[in-house]
Amino acid sequence: MYQTYEKKFQASKTKNIFMKKLFAIFGDPVEHSKSPLMHNYVFKKLHYDACYTRVHLKDGTKLRDTFFNLKLSGANITVPHKEAAFKACDEVRGFALKVGVVNTIVNENGKLIGYNTDADGFMFAIKDFGDIKNILVIGAGGTSKALVSRFLQEDIKVTVLNRSENRLSYFKTLKCTCHTWDSFKTTKYDLVVNTTSAGLKDEELPAPKNLIENILNNTSFVADAIYGKLTPFLKLAQDKKITFKDGADMLLGQGILANELFVNHKLKQEDIKIQMQKSFNTTIIS
Ligand code: NDP
């Protein structure tokens, strides 16, 4: 699948550069990303002349140069480069400006314009859980920043738990309750969200097992930003019969909003949503 996109992308670059728009996702790791499948499916089904691929980028400071070298019209940014993406932009708009985290870049007449579609994507994902008033967020990276800021806008009470102290300073300025593993005492939550990358490439829990067990015994719902696999965190929630979801709906939500930006709102949101949802049940693009 990866090679198929790569071949189409290379062909697009050489043959049709002046017509076909090229998009990519930057990340490390990036092989797991479903974004090429989702966006290519929409482009194909809605007859939008564009192609989307993956770029494995190790050094976030090279994002801007790589973007221009590949002659991209837009990109998504995943772990761990969302804060580097903020710095790479000429202008940042909307929610991304508030949180300093960019997951979508559009090339507007040679200028890089940054947006954040993750937070609204996640709100879309947790609609099914009903009225959520009190959330524990595990992790303090780019995704956590976006989600926490969005939860606070909805007047949701937020506690942040992170492995290390450094990244908690941002959340302290937002007046969230913040803890590292050592200082944390469990209380009751409506929802616990894992925004760490623990479980993405490995089989790790986002905090020591006794802490996670305790947390799961005191929550109604569980969500993980990671998608496409049952992480050890979700597996424990499943064992405890807690209603949970992985990051697939969040992925869909952020993808629809990013696609609208890529096509400059020339396609209808409802049509993008229908096709992107269908892409989840597909593994081959013909
Ligand atoms: P960042 O690199 O910005 O942050 C990573 C966070 O995870 C930090 O708080 C870090 O803690 C913590 N962490 C990393 N490894 C471990 C570990 N082994 N144990 C405990 N904590 C750990 O990442 P992002 O915020 O960009 O992405 C986080 C995750 O969210 C990724 O898995 C990504 O794939 C997923 N994601 C999914 C989306 C979707 O659409 N479903 C959208 C966006 C992200 P510390 O500060 O101590 O280093």
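Residues numbered from 1 in each chain as written. Predicted model: local features only at pLDDT ≥ 70, side-chain atom pairs only at ≥ 80, totals over all residues. Heavy atoms only, no water.

**Student:** Could you give an account of the site of the ligand, with specific residues and numbers?
**Tutor:** Near the ligand there are 28 residues, and of these K82, T143, S164, E204 and A225 occur at the shortest range. G247 places a main-chain nitrogen or oxygen 3.0 Å from a nitrogen atom of the ligand. Protein burial of the ligand: of its 940 Å² of free accessible surface, 91% is covered by the chains. Counting residues per element, the shell around the ligand draws most heavily on helix α11 (residues 248-262), at three residues. (Near = heavy atom within 4 Å. Polar contact = N/O pair within 3.5 Å; in protein donor to acceptor, adjacent residues only side chain to side chain. Areas by Shrake-Rupley, 256 points an atom, 1.4 Å probe, with all protein chains shown as cover. Helix = DSSP H or I, 4+ residues; strand = E, 2+ residues; numbered from the N terminus.)

**Student:** Got a sec to walk through unusual backbone geometry? Specific residues and values, please.
**Tutor:** The residue after D28, namely P29, is reached through a cis peptide bond having omega 10 degrees. Along the chain, P29 turns up in the loop between β1 (21-27) and α2 (35-45). For the bond running from V79 to P80, omega is 0 degrees, close enough to zero to count as cis. Looking at where P80 falls in the secondary structure, it is placed in the loop between β3 (74-77) and α4 (82-88). Residue N264 is not a glycine yet carries a positive backbone phi of 55 degrees.

**Student:** Tell me about the pattern of salt bridges, and please be specific about residues and values.
**Tutor:** Here the structure, examined in full by the defined rule, presents 17 salt bridges. In this structure, the salt-bridge partner of D90 is R64, at a minimum N-O distance of 3.3 Å. Here the residue D90 occupies a position in the loop between α4 and β4 (91-92), and R64 occupies one in helix α3 (residues 63-69), the gap between them amounting to 26 residues. Classification of D90 as partly exposed rests on a relative accessible area of 40%. With a relative accessible area of 27%, R64 lands in the partly exposed category. With a closest N to O distance of 3.1 Å, R93 and E108 form a salt bridge. Taken as a pair, R93 in the loop between β4 and α5 (95-99) and E108 in strand β5 (residues 104-108) lie far apart in primary sequence, 15 residues in all. (Salt bridge = Lys/Arg side-chain N within 4 Å of Asp/Glu carboxyl O. Buried < 20%, exposed > 50% of the residue type's maximum accessible area, 1.4 Å probe, protein only.)

**Student:** Report on the packing of aromatic side chains, specifying residues and quantitative values.
**Tutor:** In this description, a pair of aromatic rings is defined by centroid distance and the angle of the planes. For the structure shown, the criterion picks out eight aromatic pairs. Three or more aromatic residues link up through ring pairs in this structure, and these residues are F23, F43, Y48, Y52 and F262. For the cation-ring pair, K145 lies above Y170, with the distance from its terminal atom to the ring centre recorded as 4.6 Å. Just above the ring of F129 sits the side chain of K245; from NZ or CZ to the centre is 5.7 Å. (Phe/Tyr/Trp six-rings, centres within 6.5 Å; stacked < 30°, edge-to-face > 60°. Lys NZ or Arg CZ within 6 Å of the ring centre and 35° of its normal.)

Keep in mind that these numbers describe shape and distance, not what the molecule does.
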